[in-house]
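Fold and geometry: a report
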Amino acid sequence: MAIVRKAVAIDFEKTYHLFVKFNDSRLSKDDWRQLFVDHWQSNEGYIGYVLEDRERIVGFLGLMFSHRILNGQQEKFCNLTSWVVEEGFRNQSLLLILPVLKLTDYTLTIHTASKETYAVARKLGFIDLESNFRVILSLPSINILFTSCQIEINKKHLKEILEGESLQAYKAHLEFRCFHVYVRSSLGNCYLIGARVFRKNLPFAQIYHVSDPKVFAKFAHRIASVVGLRIKAFAILVDERFLEGNSILQSFTCSLPNSRVYKSSSLGKNDIDLLYSEYPALNI
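Residues numbered from 1 in each chain as written. Predicted model: local features only at pLDDT ≥ 70, side-chain atom pairs only at ≥ 80, totals over all residues. Heavy atoms only, no water.

1. Details of the overall build of the protein chain
Quick reminder of the rule: Here a helix means four or more residues in a row that DSSP labels H or I, a strand means two or more in a row labelled E, and each is numbered from the N terminus. Computation of the radius of gyration draws on C-alpha atoms, with the globule rule given as 2.2 Å multiplied by the number of residues to the power 0.38. Exposed residues in this analysis have more than 50% of their type's maximum accessible area, buried residues have under 20%, and partly exposed residues fall in between, with area computed by a 1.4 Å probe over protein chains only. Between two residues, a contact is recorded if the distance between any of their heavy atoms is within 4.5 Å. Residue exposure ignores everything except the shown protein chains as possible cover, and the areas themselves are Shrake-Rupley values with a 1.4 Å probe.
What the protein chain contains, in helices and strands, is nine helices and 12 strands. Relative to its length of 284 residues, the protein chain is compact, with a C-alpha radius of gyration of 19 Å against a globular reference of 19 Å. Principal-axis analysis of the C-alpha atoms places the extent of the protein chain at approximately 65 × 40 × 35 Å. Burial analysis of the protein chain (284 residues in total) assigns 53% to the buried set. Sequence-distant contacts, at least 24 apart, represent 72% of the contacts inside the protein chain between residues at least 6 apart. Here the protein chain displays about 13,900 Å² of accessible surface, and carbon together with sulfur accounts for 51% of that area.

As structure tokens, this is what we get:
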């Protein structure tokens, strides 16, 4: 029987062959290596678990740890990603996730679950976080004529404007291929973090974080137009919960292949975004 142990950075070379099974041509070896880096200095001392058989790694579950200040409290996050096991050892897959369930003082998230991972997570007490995302085309709209706001993208002075959790998130994601958008308006200001990604070979702007849902919804079409022109994206993609019930005309909703799930004793759905996860780390 294989054994489970904590995975550390030096395990990458022996683990890489497993990631090839995902058959994702967009991700290079150096991309996958990002899962073995403590990007946010959590100092947990490990980056997941491996399933090992006679010194050969036959399974992996990545864990991305981070600490954030939300609602005035420090919250600990653990994002689960890239759960993969060789076919001959699939009956031992659960051994990789069982230790994670002991992290009861962490908010656990799974943002890119497969059908099998989703089914297992639900049985282990995870609940649905998100099932839908909204698509806002990067096209001129008549709504733009009646909205007034100032949109800045990747301005260096953001570190002087942002504060609190927004400033923390900004600094924590500078090393990745993210764009940072700051919207000024009479309704207030809104800070967005996202990245240019591809879906079915088309370029989109995937939004990872929205600081003010009301401002974002009000100026969504102008934002989509400006961001789309700047990064050459067909449309903006944003998780439905990020809108917190605010409507956006001339946009449409699509279903995720499998729902995102989470497990937390302290946070609700609207407290959880896509930052500090494989989304920015792998640029997916």
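Now, onward.
2. Observations regarding the sheet that holds strand 12 (residues 252-263)
Selection criterion: Pairing between strands is defined by DSSP: at least two bridges between them are needed. Only the stretch in contact is used when a helix axis is fitted, and all axes are lines through C-alpha atoms; the angle between N-to-C directions ranges over 0 to 180 degrees.
Pairing is mixed across the open sheet formed by 12 strands, whose spatial order is 1-2-3-4-5-12-6-11-10-9-8-7. In this open sheet, the two strands that pair with only one neighbour each are strand 1 (3-7) and strand 7 (150-153). Sheet twist, expressed as the average angle between the axes of neighbouring strands with direction ignored, equals 30°. Direction of pairing for strand 9 (residues 188-199) relative to strand 10 (residues 202-210): antiparallel, over a ladder of eight bridges. Its bridge partner lying in strand 10, Arg199 is registered against Leu202.

3. Some details on the environment of Ala119
Along the chain, Ala119 falls in helix 4 (residues 115-123). Distance from Ala119 to Asn23, taken between C-alpha atoms, is 22 Å for residues 96 residues apart in sequence.

4. Quick word on the nonpolar core
Spelled out, the test is: In plain words, nonpolar cores are sets of buried Ala, Val, Leu, Ile, Met, Phe, Trp, Tyr and Cys residues tied together by side-chain atoms within 4.5 Å.
Core analysis: the largest hydrophobic core is formed by 69 residues, its most contacted members being Phe60, Tyr208, Phe216 and Ile223. Examining the composition of this core, we find that six residues originate from one element, strand 9, more than from any other.

5. Considering helix 8 (residues 220-231)
The condition that has to hold: A helix is expected to span 1.5 Å for every residue after the first. Directions from the helix axis toward the C-beta atoms define the arc.
Helix length check: helix 8, at 12 residues, gives a terminal C-alpha distance of 16 Å against a target of 16 Å (1.5 Å per residue), a fit within 8%. All of the buried residues along helix 8 are Ala220, His221, Ile223, Ala224, Val227, Gly228 and Ile231. An end-on view of helix 8 places all buried positions within 155° of arc, on one side of the element. Immediately downstream of helix 8, the backbone of Lys232 shows phi near 60°, a positive value.

6. Looking at the layout of surface pockets
Note the following rule: Think of a 1 Å grid over just the protein atoms. A cavity is a set of points where a 1.4 Å probe fits yet cannot get out, a pocket is an open set with protein on both sides within 12 Å along at least five of seven lines, and lining residues have an atom within 4 Å of a point. Grid points are joined across faces, edges and corners, and a volume is the space filled by probe spheres set on the points.
Quantified by volume, the largest pocket comes out at close to 1,300 Å³. Sort the elements by how many residues they give to the lining of the largest pocket and strand 12 lands first, with seven residues. In this structure, the second largest pocket occupies an estimated 330 Å³ of space. Forming the boundary of the second largest pocket are 16 residues, of which His209, Val210, Ser211, Asn270 and Asp273 lie nearest the centre.

7. A closer look at the packing of aromatic side chains
Which entries qualify depends on this criterion: Within 6.5 Å between ring centres, the rings of Phe, Tyr and Trp (the latter by its six-membered ring) count as paired, and their orientation is classed by plane angle as stacked under 30 degrees, edge-to-face over 60, tilted in between. Think of it as a cone above the ring: NZ of Lys or CZ of Arg counts as a charge over the ring if it is within 6 Å of the ring centre and within 35 degrees of the ring normal.
For the structure on display, the rule yields 14 aromatic pairs. On the numbers, 5.8 Å between centres and 45° between planes, the contact of Phe12 with Tyr16 is tilted. Of this pair, Phe12 and Tyr16 both sit in helix 1 (residues 12-19), separated by four residues, roughly a single helical turn. Ring centres of Phe19 and Phe36 lie 6.2 Å apart, and the angle between their planes is 70°; on these two criteria the pair is classed as edge-to-face. With Phe19 in helix 1 and Phe36 in the loop between helix 2 (29-33) and strand 2 (48-53), the pair connects residues that are 17 residues apart, well separated along the chain. In this pair, the class of Phe19 matches that of Phe36, namely buried. Each member of the aromatic cluster is reached from another via a ring pair, and the members are Phe12, Tyr16, Phe19, Phe22, Trp32, Phe36 and Phe60. A cation over a ring is seen here: Lys6 above Tyr46, with NZ or CZ 4.4 Å from the ring centre. Across from the ring centre of Tyr16, 5.3 Å away, lies the NZ or CZ of Lys29, which sits over that ring.

8. Here's the deal with the side chain of Gln92
Structurally, Gln92 can be placed in the loop between strand 4 (73-85) and helix 3 (94-97). Each residue touching Gln92, except ones within four places of it in the same chain, is listed here: Met1, Ala2 and Leu51.

9. Description of the side chain of Glu86
Relative to the helices and strands, Glu86 resides in the loop between strand 4 and helix 3. Here Glu86 is in contact with His17, Leu18, Lys21, Arg56, Ile57 and Val58, once residues within four sequence places are set aside.

10. Here's the deal with the environment of Lys263
Basically, it comes down to this: Any pair of N or O atoms that falls within 3.5 Å is considered a polar contact. Within protein, one atom must be able to donate a hydrogen and the other to accept it, and sequence-neighbouring residues count only if both atoms are side-chain atoms.
Topologically, Lys263 is positioned in strand 12. A residue is classified by how much of its surface remains accessible, and Lys263, at 29% relative accessible area, is partly exposed. Aside from chain neighbours lying at most four places away, what touches Lys263 is Leu101, Tyr106, Thr107, Leu108, Leu124, Gly125 and Phe126. Within polar-contact distance, the side chain of Lys263 engages the backbone oxygen of Leu124 at 2.9 Å.

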